[in-house]
2 protein chains.
Amino acid sequence: MVLYVIGLGLADENDITLKGFEAVKSSERIYLESYTSILMVPGFKERLEKLYQKQVILAHRETVELEAESILEGAATSNIAFLVVGDPLSATTHTDLILRAKHSSPPIPVKIIHNASIMTAIGSSGLAGYNFGQTVSVPFWSDDWKPDSWLERIGENLNIGLHTLALSDIKVREQSAEDMSRGILRYQDPRYMLIPQLISQILSAANSQKADYLDPNRTLAIALCRMGSEQERIVSGTLQELLDMANPSQEEAQAEEAEDDADELASEADLDKRRAARAEARAKRAFGEPLHSLVIVGKRLHPLERDYAASYACPGSKFIQVAQDVYGCKE
Amino acid sequence: MVLYVIGLGLADENDITLKGFEAVKSSERIYLESYTSILMVPGFKERLEKLYQKQVILAHRETVELEAESILEGAATSNIAFLVVGDPLSATTHTDLILRAKHSSPPIPVKIIHNASIMTAIGSSGLAGYNFGQTVSVPFWSDDWKPDSWLERIGENLNIGLHTLALSDIKVREQSAEDMSRGILRYQDPRYMLIPQLISQILSAANSQKADYLDPNRTLAIALCRMGSEQERIVSGTLQELLDMANPSQEEAQAEEAEDDADELASEADLDKRRAARAEARAKRAFGEPLHSLVIVGKRLHPLERDYAASYACPGSKFIQVAQDVYGCKE
């Protein structure tokens, strides 16, 4: 029979294709690659089960390789469906499972059913897919680990005028160092990098690498948030303008300071936590819930791209002016 | 109400998403952007109409702008669906229609329903989407017009180790220069560039630009043909190996030469036509029906990418060896 590797598309259970839906219905067992699935709507697995009228089995990314045998079991006599959010081979790849099926004896035929991913959704920014260079992933930094090799990739793209899609990190099923050292299997709450932190890290890396190709006030960018969903939000501006979107108003800042001052019992750690929570709330107010991605605009910006992207400019943005003065994008 | 701009995906009418299908069913009028639609299965419009149980109106690309008013007519009181093969904003963009809707008075809400495009289907090559640079389109050359600015783009990608997706030209609804000069409105048969011609033009351009970053025997490539369809065909090898796939066998070449020699009445033009037809038939034997695209592999090739791509190597291919010797891709 067939191993179907099926893309679920961008946002919810109804983004599967008719072809993918038929393949699911013809399958004996249905696996859902769970690493990315929690990015979607709450209760996603249950929603899929309701739509399919079938049981869905979660397959954790870190164990798909270990579980490959059991996933492929019985594929000689029945169809198996392996579901992946987005396109199954676009960002995360599942080539190991696929090669294992092909190399089985007898080989298990594999059918890929493609779907939209953030790589196609970038078109909603108004920028042409043709003008994008390599994609980068920006990982969470910790106090003692701040990898920034992705910055050079952005520079390579900018150097030849190309746009860059920067994907923000997500952390799911992470364990704390403390739990791990004590042998406690407990996962921390999922963490998603939001636009302000993404931009802050980019500017911080540019600063320490003295990368003059990025400038908060002269580099244009487009925030792409929850693409393809009902809560889709697209915001364009300079890096600084986008960053400022999540700043507190003057009143808010004063109220927060007063609150912190009044709470004399709070430790410095408590205050840090509180500030982080406020920053997150403001980031979500400005850009909505995760996932967030960012497009950094390259110099090859075309007037048609500019006009469309400018229709998403944040209030008071100098998007058009920067496009003209810095990018040389004139009619 | 809403203007739905809906991607139809890669291959046939069943590649629409459930969400897109619902949007179509809720729409008063359904337009099909026809430029790309003829790439799909024969009788595509009729197949859509059968699936939707509704009439589908063809909208020719060159007239979408002119017809925008009529497409958007009545959108205040009913939904309109505009269907595009692949993803609606990925390769060809329809930003003009969308901006016009947004700028209508009152504005017409626009919903984009994304889908797979060749930009996501490249994952089936085994190469990671992250490692692709800018995409190029290779246009048909004529005797007196041989544009080759796309070659430099490939060079830019290769220079930083990135893969390139090269899309081959299609010509539909083209008029001959003769018909045009006589004012006869008659379209020529559609033409599609197949893999051998695509590679020949790339090598020819590289030769005349003295571009040493492309070498028939040292550059790896992956032919992606009719991606996402039942006839999907993926073939990897060096540029020369892929080119050789469409060569005639020795017996064929002898038989063809004998046939030409025997036909003493044939003019040189007749013979040229016949040779072109044979070359096309052989190209289709090797790679199947159009559309054909080609991935040119960059130096950042990862062993996992190599192993997956090598599973599609043409018979006798030196794919693995070139990956090791030229690309430095070792375990």
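These numbers come from a predicted model, not from an experiment. (Residues numbered from 1 in each chain as written. Chains lettered and ligands numbered in written order. Predicted model: local features only at pLDDT ≥ 70, side-chain atom pairs only at ≥ 80, totals over all residues. Heavy atoms only, no water.)

Brief notes about the overall build of chain A
Step number 1: Assigned secondary structure in chain A consists of 14 helices and 12 strands.
Step number 2: Scaling as 2.2 N^0.38, a compact globule of 331 residues should have a C-alpha radius of gyration of about 20 Å, and chain A matches this with 22 Å.
Step number 3: By its C-alpha atoms, chain A is 65 × 60 × 35 Å across when sized along the principal axes.
Step number 4: Relative to its 331 residues, chain A shows a buried fraction of 54%.
Step number 5: At a minimum sequence separation of 6, the contacts of chain A that also span at least 24 residues come to 75%.
Step number 6: Accessible area of chain A: about 15,200 Å², with a carbon and sulfur share of 49%. (Helix = DSSP H or I, 4+ residues; strand = E, 2+ residues; numbered from the N terminus. Rg over C-alpha atoms; globule rule 2.2 N^0.38 Å. Buried < 20%, exposed > 50% of the residue type's maximum accessible area, 1.4 Å probe, protein only. Contact = heavy atoms within 4.5 Å. Areas by Shrake-Rupley, 256 points an atom, 1.4 Å probe, with all protein chains shown as cover.)

Some points on the interface of chain A and chain B
Step number 1: Across the contact, 50 residues belong to chain A and 50 residues belong to chain B.
Step number 2: In total, about 4,200 Å² of surface goes out of reach between chain A and chain B, with carbon and sulfur atoms giving 57% of it.
Step number 3: By the criterion of area lost to chain B, the three top residues of chain A are Leu18, Tyr130 and Tyr308 of chain A, representing 18% of everything that side buries.
Step number 4: For the pair chain A and chain B, the number of links is 8 salt bridges.
Step number 5: With its nearest N and O atoms 3.2 Å apart, the salt bridge here joins aspartate 15 of chain A to lysine 19 of chain B.
Step number 6: Across the contact surface, chain A and chain B share 26 residue pairs in polar contact (both at pLDDT 80 or more).
Step number 7: The set of elements that each furnish at least two residues to the side of chain A that touches chain B consists of helix H1 (18-25), helix H5 (95-102), strand S5 (110-113), helix H6 (118-121), strand S6 (136-138) and helix H7 (149-159) of chain A.
Step number 8: The leading source of residues in the side of chain A that touches chain B is H5 of chain A, at 4 residues. (Buried area = accessible area lost by both parts, 1.4 Å probe. Salt bridge = Lys/Arg side-chain N within 4 Å of Asp/Glu carboxyl O. Polar contact = N/O pair within 3.5 Å; in protein donor to acceptor, adjacent residues only side chain to side chain.)

With respect to empty space enclosed by the protein
Step number 1: Evaluated as defined, the whole model comprises 1 cavity of 30 Å³ or more.
Step number 2: The space that makes up the largest cavity amounts to roughly 200 Å³.
Step number 3: In terms of lining, the largest cavity is formed by 15 residues, of which the most central are Met119, Phe132 and Gly133 of chain A together with Met119 and Phe132 of chain B.
Step number 4: Tallied by class, the residues present in the lining of the largest cavity amount to 8 nonpolar, 7 polar and no charged. (1 Å grid on protein atoms, 1.4 Å probe; cavity = no way out; pocket = protein on both sides within 12 Å on 5 of 7 lines; lining within 4 Å. Points joined across faces, edges and corners; volume = space filled by probe spheres on them. Nonpolar A, V, L, I, M, F, W, Y, C, P; charged D, E, K, R; others polar.)

Overview of the sheet that holds S6 of chain A
Residue and element names in this part refer to chain A.
Step number 1: Strand order in this open sheet of 5 strands is S6-S7-S12-S10-S11, and the pairing throughout is mixed. Of all the strands in the sheet, just S6 and strand S11 (233-238) have a single pairing partner and so form its edges. Geometrically, the sheet is characterised by an average inter-axis angle of 25° between neighbouring strands, direction not taken into account.
Step number 2: Bridge count for strand S7 (residues 164-168) against strand S12 (residues 292-296) is 4 bridges, and the pairing is antiparallel. Of the residues in S12, the one forming a bridge with alanine 166 is leucine 294.
Step number 3: Along the sheet, H7 contacts S6, S7 and S12; its crossing angle with S6, the most-contacted strand, is approximately 145°.
Step number 4: The strands touched by helix H9 (residues 195-208) are S6, S7, strand S10 (220-225) and S12; relative to S12, the strand with the most contacts, the crossing angle is about 40°. (Pairing = 2+ DSSP bridges. Axes fitted to C-alpha atoms, helices over the stretch in contact; angles between N-to-C directions.)

Looking at the relation of the copies chain A and chain B
Step number 1: Taken as rigid bodies, chain A and chain B are interconverted by a rotation of 180° and an axial shift of 0.0 Å, the fit giving an RMSD of 0.0 Å. Given the turn and translation reported, the copies of this chain are related as if by a two-fold rotation axis.
Step number 2: Counting the interface residues of chain A, we find that 100% of their copies in chain B are interface residues as well, pointing to one common contact surface. (Least-squares fit on C-alpha atoms with pLDDT ≥ 70 in both.)

As for the packing of aromatic side chains
All names here are of chain A.
Step number 1: Within this structure, the stated rule accounts for 6 aromatic pairs over all chains.
Step number 2: Here phenylalanine 21 and tyrosine 52 contribute two aromatic rings whose centre-to-centre distance is 6.0 Å and whose plane-to-plane angle is 40°, an arrangement assigned as tilted. Of the two residues, phenylalanine 21 is situated in helix H1 and tyrosine 52 in helix H3 (residues 44-52); the sequence distance between them amounts to 31 residues. In terms of burial, phenylalanine 21 and tyrosine 52 fall into one category: buried.
Step number 3: Centroid distance tryptophan 141 to tryptophan 150: 6.5 Å. Interplanar angle 35°. Geometry classified as tilted. (Phe/Tyr/Trp six-rings, centres within 6.5 Å; stacked < 30°, edge-to-face > 60°.)

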